Each structure stands twice: as structure tokens, then as C-alpha cells.
Amino acid sequence: MSANDYVKYVTQQIVKYMDTPKEARKQLREERKNVETSSTFYSNWWFGVLPFSLKLMLNKRKK
């Protein structure tokens, strides 16, 4: 990615953020916060994807 493309992307993101109403940004932030509090999120964040894949393999074998 060239520097020009990067500046264009950042500018688009800033304009998109500024165009959304404050209430919509708050609601999106709350929704994101609720999704991130799931147990899967924390296990992946702290330990990576490897334990998650092992868990899937073990669950698949049990069935």
C-alpha cells in the first residue's frame, strides 16, 4: 500500500466517523462492548487461537 492510498483510507475513515451521529456512535460502542465480553473473546485474547482450535477438536470428537 502506498502512502497516498493510506492517507486516502485514513481520510475516508475520519470523514465516515464524523458523519455518523453521536448517538449512533455510542450505540455501536455499546454493542461492541457487549460482544467482547463473551468468554470466547477473553480466551482468544489471552491465550490465542490454539486453545480454541483444541476445544473445537475435542468437542467434535465427543460427538
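As the structure is a computational prediction, the values presented were derived from the model and not from experiment.

Caption draft 1: Structural detail: the overall build of the chain. Looking only at helices and strands, one finds 4 helices and 0 strands in the chain. From first element to last, N terminus to C terminus, the chain shows the α and β order α-α-α-α. By residue count, 0% of the 63 residues in the chain fall in the buried class. Carbon and sulfur atoms make up 61% of the accessible area of the chain, which amounts to about 6,400 Å² in all.

Caption draft 2: Local environment of a nonpolar patch on the surface. On the surface, a cluster of nonpolar side chains totalling about 920 Å² of accessible area is made up of M1, Y6, V7, Y9, V10, I14, Y17 and M18. In this structure, M18 sits in helix α1 (residues 3–19). A residue is classified by how much of its surface remains accessible, and M18, at 61% relative accessible area, is exposed.

Caption draft 3: Broad picture of the packing of aromatic side chains. The final tally for this structure, using the stated rule, is 0 aromatic pairs. Stacked on the ring of Y17, the Lys or Arg R25 has its end atom at 4.5 Å from the ring centre.

Caption draft 4: Structural detail: a positive patch on the surface. A grouping of K22, K26, R29, R32 and K33 is seen on the molecular surface, where their side chains present a positively charged patch. Examined against the element boundaries, K26 turns out to sit in helix α2 (residues 22–36).

Criteria and thresholds
- Residues numbered from 1 in each chain as written.
- Predicted model: local features only at pLDDT ≥ 70, side-chain atom pairs only at ≥ 80, totals over all residues.
- Heavy atoms only, no water.
- Helix = DSSP H or I, 4+ residues; strand = E, 2+ residues; numbered from the N terminus.
- Buried < 20%, exposed > 50% of the residue type's maximum accessible area, 1.4 Å probe, protein only.
- Areas by Shrake-Rupley, 256 points an atom, 1.4 Å probe, with all protein chains shown as cover.
- Patch = residues over 30% accessible without salt bridge, like charges linked within 9 Å, V, L, I, M, F, W, Y side chains within 5 Å.
- Salt bridge = Lys/Arg side-chain N within 4 Å of Asp/Glu carboxyl O.
- Phe/Tyr/Trp six-rings, centres within 6.5 Å; stacked < 30°, edge-to-face > 60°.
- Lys NZ or Arg CZ within 6 Å of the ring centre and 35° of its normal.
- Lys, Arg positive; Asp, Glu negative; His and termini not counted.
- Charge placed at Lys NZ, Arg CZ, Asp CG, Glu CD.

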